[in-house]
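# Topology and contacts: notes
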Amino acid sequence: MGSEKKSRLPAIVATAVAVPVAVVAGVLVFNAIAPEAEPVHEDLSPVSVEVPALSEEDAVVCLALTATAPVAAGGLPARPVEGGAGAAESVMAYGDPAVVATCGVDQVAVEDTALVYQLNGVCWYSDEAGLVWTTLDRQVPVGVSVPEANEQPVDVLNDLSTVIGDKVPASAEAPTGCA
């Protein structure tokens, strides 16, 4: 039995040395051949926006919305907005290129059979391209313009729907698909 232990000892020592050396060599080779990641530089400068004309009541609702807007939507960081008086009180922007959410847009008329989307308790309608989304079930409609480069507008809309549902009162009338 003593000779069996002596014959295994060199194999154990060789394994104990070879495994860490192989791991270090693998890491060095990977780092040598792996492409360098390009740093992502997002433009988070102010976004120039159009400010909607709002009644006093709608302006109060929009201010409640923008004052509690998330710091990120769909993983996109918030950006400041500019465009005159009331811009920051009625418009929010996220990411680069900017997704722009405007409180107080014109109401969209849709047929009862139109395809609508319920996202976190808010009913949305989208144009065919999926680039312009508008709430259908809120007293003050909110419109969201999504750049074509944004492949997942629903991620942004889900995050915005939470605060819209909390701050913008529901309308008494909405298309049947919103019920």
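Everything that follows concerns the structure shown earlier in this document.
Structural notes, computed from the coordinates. Keep in mind that what you see is a predicted model, and the values were worked out from it rather than measured.

## With respect to the pairing of strand β5 (residues 91-94)
Burial of the side chains of β5 extends over both faces: V91 and A93 are buried on one face and M92 and Y94 on the other. With two bridges joining them, strand β3 (residues 76-79) and β5 adopt antiparallel strand pairing. Residue R79 lies in a different strand from β5, and its bridge partner there is A93.

## As for the state of the cysteines
Evaluation of the coordinates by the stated rule reveals two disulfides. The disulfide partner of C62 is C103, and the gap between their sulfur atoms is 2.0 Å. Since a negative S-S torsion denotes a left-handed disulfide, the C62-C103 link at about -80° is left-handed. With C62 in helix α2 (residues 56-67) and C103 in strand β6 (residues 99-103), this pair connects stretches of sequence that are 41 residues apart.

## A short note on the environment of V163
The topology assignment puts V163 in helix α4 (residues 153-167). Take V163: its relative accessible area is 8%, and that puts it in the buried class. A C-alpha to C-alpha distance of 9.8 Å links V163 and V122, two positions 41 residues apart in sequence. Setting aside chain neighbours within four positions, we find V163 in contact with L65, T68, P70 and V168.

## Observations regarding α2
Along its 12 residues, α2 runs 16 Å from first to last C-alpha, staying within 8% of the 16 Å computed at 1.5 Å per residue. Taken residue by residue, α2 has V61, C62, L65 and T66 as its buried positions. Looking straight down α2, one finds its buried side chains confined to an arc of 130°; they lie on one side. Counted as exposed and oriented over 90 degrees from the buried face of α2: E56, E57, V60 and A67. Close packing links the buried residues of α2 with α3 (87-90), β5, β6, β10 (142-145) and α4.

## A look at the pattern of salt bridges
With the rule as written, the count across this model stands at two salt bridges. Ionic pairing is found between D96 and R79, a salt bridge with its closest N-O pair at 4.0 Å. With a gap of 17 residues between them, D96 in the loop between β5 and β6 and R79 in strand β3 connect regions that are remote in the sequence. Relative accessible area serves as the criterion here: at 35%, D96 is assigned to the partly exposed category. Ionic pairing is found between D137 and R138, a salt bridge with its closest N-O pair at 3.3 Å. Look at R138 and you get buried, because its relative accessible area is 7%.

Procedures and definitions
- Residues numbered from 1 in each chain as written.
- Predicted model: local features only at pLDDT ≥ 70, side-chain atom pairs only at ≥ 80, totals over all residues.
- Heavy atoms only, no water.
- Buried < 20%, exposed > 50% of the residue type's maximum accessible area, 1.4 Å probe, protein only.
- Helix = DSSP H or I, 4+ residues; strand = E, 2+ residues; numbered from the N terminus.
- Pairing = 2+ DSSP bridges.
- Disulfide = S-S within 2.5 Å.
- Contact = heavy atoms within 4.5 Å.
- Expected span 1.5 Å × (residues − 1).
- Arc of directions from axis to C-beta.
- Salt bridge = Lys/Arg side-chain N within 4 Å of Asp/Glu carboxyl O.

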